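Descriptive structure summary
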Amino acid sequence: KYIKKNKKKMAKKSQNEKTHSMRRGCFLSVLQIIKDSQQQHGLRHGDYQRYRGYCSRRLRRLRKTLGFRMGNRHKFTGKKVTVEMVSDNRYLLLVVMEAERAWSYAMQLKQEANTEPRKRFHLMARLRKAAKHGEHLEKLCESQRVDAKTKLEAQAYTAYLTGMVQFELQEWKAAMEAFNKCKTIYEKLASAFTEEQAVLYHQRVEEISPNIRYCAYNIGDQNAINDLMQMRLSAGGGGGMMAEKLETLITQTRAKQAATMSEVEWRGRSVPVKIDKARIFLLGLADNEAAIAQAANEDTKERLYETLLAECRDTIQAVREELRTDVKQRERAAEGAESGKASNLDLLHYRLRHYLTYIKLWTVVRRNESMARALQAKLKEPQTDENKRGPRPQDLIRLYDIILQSLAELSTLQGLEEDHAFQKEVALKTLVYKAYRCFFIAQSYVLVKKWSEALVLYERVLKYAREVQSKAKNLNNSLMDLPDVQDLIAEVNAEKYSLQAAAILDKEDVAEAPVQQQVKDNMPLSDRLDTFRLDTSLVGKQPNLVQFPPDFQPIPCKPLFFDLALNHVAFPPLDDKVEQKGKGGLTGYIKGIFGFGS
């Protein structure tokens, strides 16, 4: 009776809780839950496999908590979340996690499909599965128990997954409609809440915008590539998934435009371009340079330079691999005509590789020059935080070393040895950067008070600057992108006067200081109490007060006694006390045995 009574009470309590939950409604912050889970479980580093494992574990925990098991270990029994179960928002979370697990698996397969194209079929199956779960979530949220915000978020999430499926199928119009629907819902939600709550919705809109512009480009909007470039600039130096998506979309857009490109002009000569990867890179070179020129800050500019250099290195590697393949084919060829054709193709590849190397070296020079200008500006600023390490002249010396090394490689680049105008331009720029390098070496010597070395280096800077001025009369165009040498001369003259004054003051301080104050030894304070000396180490962390451990000192030891009187003592004779040895022979021996001789 007691057990039955308790069961009835528990059933009634459960029914009351269910009724109360139905009255207050069911709500779920879909986007907030998704973003928090993604950032905490692998997607911050692009690890989709880790995130998929997290979704699987969370699904198992939810099913165990809700008692919503899919059979047992021996038999699978499929179950679906119905509208009647929506009284608990954990059932909605169950569907969200199923969709996220399928989506993360699809993104993992998309990364692997670059090397294994067959995985693209599995990728599409998982994306469709995620979209199906999204549609199921949207139908569940149509119940009156779900609040309006959850309904809108479910619709936006479903539209996003549908758009991803259509995007991968290259159904650009349907994908664009789905993404626009998702964008509209999130913008409306952002306008309905405070700024702190709207940040998440704005971030989602920024993630969707590149896909919308790419779909517009494929539909026929030719200005979409410019919009993508502006989005990459506005992304700043953060990088991450957004920057990777933008780079992928821009590369895909350029691949469509590169089909018509056959050759480029390089210092008065034509360079045929037969490799697709090189076409894509050269087509986007002007856009990358324009983006660098429009960069808002130094961090963005440095990131764009690094991206350009990485693309250039990959392109050079692709040309080398193509050249290696052509060489193998030429070795296999037996006929002379085919061999000659292959050798001409090798010559074109070599010329293209030299052109790409030229672009890479000039990009390195411009990147390091931009970094040097930023460091010079920071070097002139007053340092507020003493504990924080600021820029030093040694940092600039390293940058100018890299610039000079790149210029030396440019001057020896094959195909440009007989280009006298180019060689003069490189020689002039080398002199300018040598002058700046000597200037900052002198600055580093000034910091350690090596006045004579710094003065000699300042004279060397003036020598380089005068050479630049004398040679720049015929090459005015080459000085357009170089630092102003006249400003460097004025700065060196000012530094020379400051250096001479500092050297004179330093000598006077040395002459006026007492001799005993300049002597530095390790004598402790206890041994020089009668001598005055300015010793700043006494107020430091390790003052030299006494010598420890102390030195050994001589002390009187215990005396040693030697008995010398024994040598002068005459002892009495003891001959009569000494027993005489017998001389009886055999008779005496017998007597001794029987005791007769005693």
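Check the entry above for the structure.
Anyway, here's the lowdown on the structure attached to this text. (Residues numbered from 1 in each chain as written. Predicted model: local features only at pLDDT ≥ 70, side-chain atom pairs only at ≥ 80, totals over all residues. Heavy atoms only, no water.)

**Focus: the pattern of salt bridges**
Inspection of the entire model under this criterion finds 13 salt bridges. Lys-35 serves as the salt-bridge partner of Glu-207, at 2.9 Å between the closest nitrogen and oxygen. Taken together, the positions of Glu-207 in helix α8 (residues 195–219) and Lys-35 in helix α2 (residues 30–40) put the pair 172 residues apart, joining distant regions of the chain. Judged by relative accessible area, Lys-35 falls into the buried class, the value being 11%. Its salt-bridge partner being Arg-63, residue Glu-98 comes within 2.9 Å of it at the nearest N-O pair. Of the two residues, Glu-98 sits in helix α4 (residues 89–112) while Arg-63 sits in helix α3 (residues 48–66), which places them 35 residues apart along the sequence. The pair formed by Glu-98 and Arg-63 is uniform in burial state, with each residue classed as buried. Salt bridges linked by common partners bring Lys-35, Arg-204 and Glu-207 together as one network. (Salt bridge = Lys/Arg side-chain N within 4 Å of Asp/Glu carboxyl O. Helix = DSSP H or I, 4+ residues; strand = E, 2+ residues; numbered from the N terminus. Buried < 20%, exposed > 50% of the residue type's maximum accessible area, 1.4 Å probe, protein only.)

**Focus: the side chain of Lys-496**
For Lys-496, the location among the structural elements is in helix α18 (residues 485–512). Apart from residues lying up to four places away in sequence, Lys-496 is in contact with Leu-455, Tyr-458, Glu-459 and Leu-462. (Contact = heavy atoms within 4.5 Å.)

**Let's talk about the nonpolar core**
Leu-282, Leu-352, Tyr-358 and Ile-359 are the most contacted members of the largest nonpolar core, which totals 67 residues. No other element matches helix α16 (residues 420–447), which puts 13 residues into this core. (Core = buried A, V, L, I, M, F, W, Y, C linked by side-chain atoms within 4.5 Å.)

**Concerning the packing of helix α6 (residues 148–168) against helix α7 (residues 172–192)**
As a packed pair, α6 and α7 sit with axes 8 Å apart at the nearest point and diverge in direction by 155°. Viewed along their axes, α6 and α7 adopt a mutual orientation that is roughly antiparallel. Where α6 crosses over α7, the handedness of that crossing is left-handed. Looking at side-chain class alone, the contact of α6 with α7 contains 16 nonpolar, 4 polar and 3 charged residues. (Axes fitted to C-alpha atoms, helices over the stretch in contact; angles between N-to-C directions. Parallel < 35°, antiparallel > 145°, perpendicular 65-115°, else oblique. Left-handed = near helix turned anticlockwise from the far one by under 90°. Nonpolar A, V, L, I, M, F, W, Y, C, P; charged D, E, K, R; others polar.)

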